[in-house]
Amino acid sequence: MVYIAAGDTAQWMVDSSTAQDTPHIYVKPLKTDAQTNLIVNTDRHRYHVLLMAADWYNPIIIWEYRIEEEIAQYEADNRAQKQLPLPRNSKSRYEVRVQGKSTPGWLPRDVWDDGKNTYIHLGDTQKELPILYALQEKGRTAPIQYKREGEYFIVNGILDRARLQSAQGEKVDIVRQANRKGGA
């Protein structure tokens, strides 16, 4: 819970706590004819509740979010699908060279092409994602268009020389063994 507010706190007792990682709100009328509103803001939802004292007792109100759970499961399934290994019909071998003293967590696990596209299977991208550049003459770089699918960068075309670079300046060069000269 982020915020709880009741309009008439003189006629209503409002308290909150967390039990087993589940937030609870406790509301009790102090007078038999009490009425007020209750606002509950969370990090995901906002609730506006009208409270009216009555001669009957309702011990609990629960909100369930089945649609949100279904959406979360659908998104998780899609993420898992995208992380499946891509077909590996390798045509060329690539050498991966770290430039500098530290090895980035996203260091490519594997690089290959299928004669049409180049596939770069990245390491850990939880903290950051590098940018892919074509490596040209005299160390100059030029941006490359690519798409990301899960742990992979997929380049339309065959890379001869490329560089992955992070915002922190970490650099990894990728060089095609079959042809070390030329651009992307």
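In this text the structure is predicted, and so the values were computed from the model without any measurement.

Before going further, it helps to examine the sheet that holds strand E13 (residues 161-165). The strand order E6-E14-E13-E9-E10 describes an open sheet built from five strands, whose pairing is antiparallel. Since the sheet does not close on itself, it has two edges, and those belong to strand E6 (94-99) and strand E10 (141-143), each with one partner. Between one strand axis and the next, the sheet turns through 30° on average, direction left out of account.

What follows is about the environment of Pro29. Within the fold, Pro29 resides in strand E3 (residues 22-29). Pro29 sits in the partly exposed class, given a relative accessible area of 34%. Each C-alpha atom of the pair Pro29 and Ala54 lies 9.0 Å from the other, and the pair is 25 residues apart in sequence. In this view, Pro29 contacts Gln11, Trp12 and Ala53; residues no more than four positions away in its chain are not counted.

The phi dihedral of Gln20 falls on the positive side, at around 50°, and the residue is not glycine. Relative to the helices and strands, Gln20 resides in the loop between strand E2 (12-19) and E3. For Gln20, a relative accessible area of 80% puts it in the exposed group. Of note, the phi angle at Asp21 is positive, near 65°, even though the residue is not glycine. Tracing the chain through its elements places Asp21 in the loop between E2 and E3.

Counting residues in each nonpolar core, the largest one holds 15 residues, and the members touching the most others are Ile120, Leu132, Ile144, Leu159, Leu164 and Ile174. Counting seven residues, the second largest nonpolar core, distinct from the first, contains Ala34, Leu38, Tyr47 and Ala53.

Parameters at a glance
- Residues numbered from 1 in each chain as written.
- Predicted model: local features only at pLDDT ≥ 70, side-chain atom pairs only at ≥ 80, totals over all residues.
- Heavy atoms only, no water.
- Pairing = 2+ DSSP bridges.
- Helix = DSSP H or I, 4+ residues; strand = E, 2+ residues; numbered from the N terminus.
- Axes fitted to C-alpha atoms, helices over the stretch in contact; angles between N-to-C directions.
- Buried < 20%, exposed > 50% of the residue type's maximum accessible area, 1.4 Å probe, protein only.
- Contact = heavy atoms within 4.5 Å.
- Core = buried A, V, L, I, M, F, W, Y, C linked by side-chain atoms within 4.5 Å.

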